[in-house]
Every structure is written in structure tokens, then in C-alpha cells.
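The chain contents come next:
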Amino acid sequence: MKQRRIMLPSLAEAKRFVEEATKCDFDIDVFYNRIIIDAKSILGVLSLDLTRILTVQFNGDSAEFEAYLETIDPQNAVAVA
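Everything numeric here is computed off the predicted structure, so don't read it as measured data. (Residues numbered from 1 in each chain as written. Predicted model: local features only at pLDDT ≥ 70, side-chain atom pairs only at ≥ 80, totals over all residues. Heavy atoms only, no water.)

So, about the environment of Ala 39. Within the fold, Ala 39 resides in the loop between strand S3 (35–38) and helix H2 (42–46). Aside from chain neighbours lying at most four places away, what touches Ala 39 is Phe 17, Val 18, Ala 21, Ile 28, Asp 29, Val 30 and Val 45. (Helix = DSSP H or I, 4+ residues; strand = E, 2+ residues; numbered from the N terminus. Contact = heavy atoms within 4.5 Å.)

Put into C-alpha cells, the structure is as follows:
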């Protein structure tokens, strides 16, 4: 099981995140505190507090998806700003 921390600062980024998750053939969950959402559900992702750091959890392997997650890692965002 892999976990990554992400931030989705805009609606466009949330939409792109769901699109990238949908390309994967394994389950991906996003959670914050006790709320767990299917990452392939745009309504579910938009129901989260997008101002917070979220955690993504998945079991499969996808170099493309993991590379995308690097671009929305909150540590990378701080380094760029």
C-alpha cells in the first residue's frame, strides 16, 4: 500500500486529478481525517476540503500516476513558491 500527500488548489486541478486516477486499473482512495473518497469520483473529490493537504492511498503501480502525484505534492509547491 502506497500513500502520498497532495494538494488540489483549484477545481481544474481536482478535475485533472480525477482524470489521472481514472486511467489507473486499481483502486485509489483520497482521505482527510475520517472521510475516505474514491479518487475516481469527481463529486467525491469536490466534496473534500480542497484547502487542506489530502492523502492518496493506492495498491497498484503506475509510473505516470506517481509522476503526476509528484507535481501536486505540497512540499514541491512550497519549494516552487
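Anyway, onward from the coordinates.
A surface patch of nonpolar side chains, about 400 Å² in accessible area, is lined by Leu 11, Ile 42, Leu 43 and Leu 46. A residue is classified by how much of its surface remains accessible, and Ile 42, at 34% relative accessible area, is partly exposed. (Patch = residues over 30% accessible without salt bridge, like charges linked within 9 Å, V, L, I, M, F, W, Y side chains within 5 Å. Areas by Shrake-Rupley, 256 points an atom, 1.4 Å probe, with all protein chains shown as cover. Salt bridge = Lys/Arg side-chain N within 4 Å of Asp/Glu carboxyl O. Buried < 20%, exposed > 50% of the residue type's maximum accessible area, 1.4 Å probe, protein only.)

Turning our eyes to something else, we now look at the pairing of strand S4 (residues 54–58). S4 sits mainly inside the fold: four of its five residues count as buried. Here strand S1 (residues 2–6) runs beside S4; their pairing, made up of five bridges, is antiparallel. When the sheet's bridge partners are listed, Arg 5 is paired in S4 with Thr 55. With four bridges connecting them, strand S2 (residues 28–32) and S4 associate as antiparallel partners. By the bridge assignment for S4, Phe 31 is matched with Thr 55. (Pairing = 2+ DSSP bridges.)

Core analysis: the largest hydrophobic core is formed by 22 residues, its most contacted members being Ile 6, Leu 8, Phe 17, Ile 28, Val 56, Phe 65 and Leu 69. Within the residue set of this core, elements represented by two or more residues are helix H1 (11–22), S2, S4 and helix H3 (63–71). Sorting elements by how many residues they give to this core places H1 first, with four residues. Contacts of Leu 8, omitting those with residues within four sequence positions, involve Glu 13, Ala 14, Phe 17, Val 45, Leu 50, Leu 54 and Ile 72. (Core = buried A, V, L, I, M, F, W, Y, C linked by side-chain atoms within 4.5 Å.)

Taken together, the four strands give an open sheet; going across it, the order is S1-S4-S2-S3, and neighbouring strands pair in antiparallel fashion. The two strands at the open ends of the sheet, each matched to only one other strand, are S1 and S3. Here the strands of the sheet are splayed against their neighbours by 25 degrees on average, with no regard to which way each runs. (Axes fitted to C-alpha atoms, helices over the stretch in contact; angles between N-to-C directions.)

This next bit is on the UniProt feature "domain: HPr" (unreviewed entry) in the chain. Per the UniProt entry, the sites bearing "domain: HPr" (unreviewed entry) are residues 14–70 in this numbering. The span residues 14–70 carries 39% helix and 25% strand; its end-to-end C-alpha distance comes to 15 Å. (UniProt positions renumbered as here; feature names shortened; annotations may be inferred.)

Given a rise of 1.5 Å per residue, 12 residues ought to cover 16 Å, and the 17 Å separating the end C-alpha atoms of H1 matches this to within 8%. Every buried residue of H1 is accounted for by Glu 13, Ala 14, Phe 17, Val 18, Glu 20 and Ala 21. The arc enclosing the buried residues of H1, seen along the axis, measures out at 165 degrees, which places them on a common side. Of the exposed residues in H1, the ones pointing more than 90 degrees away from its buried face are Leu 11 and Ala 12. Where H1 is buried, its residues meet S1, S2, H2, S4 and H3. (Expected span 1.5 Å × (residues − 1). Arc of directions from axis to C-beta.)

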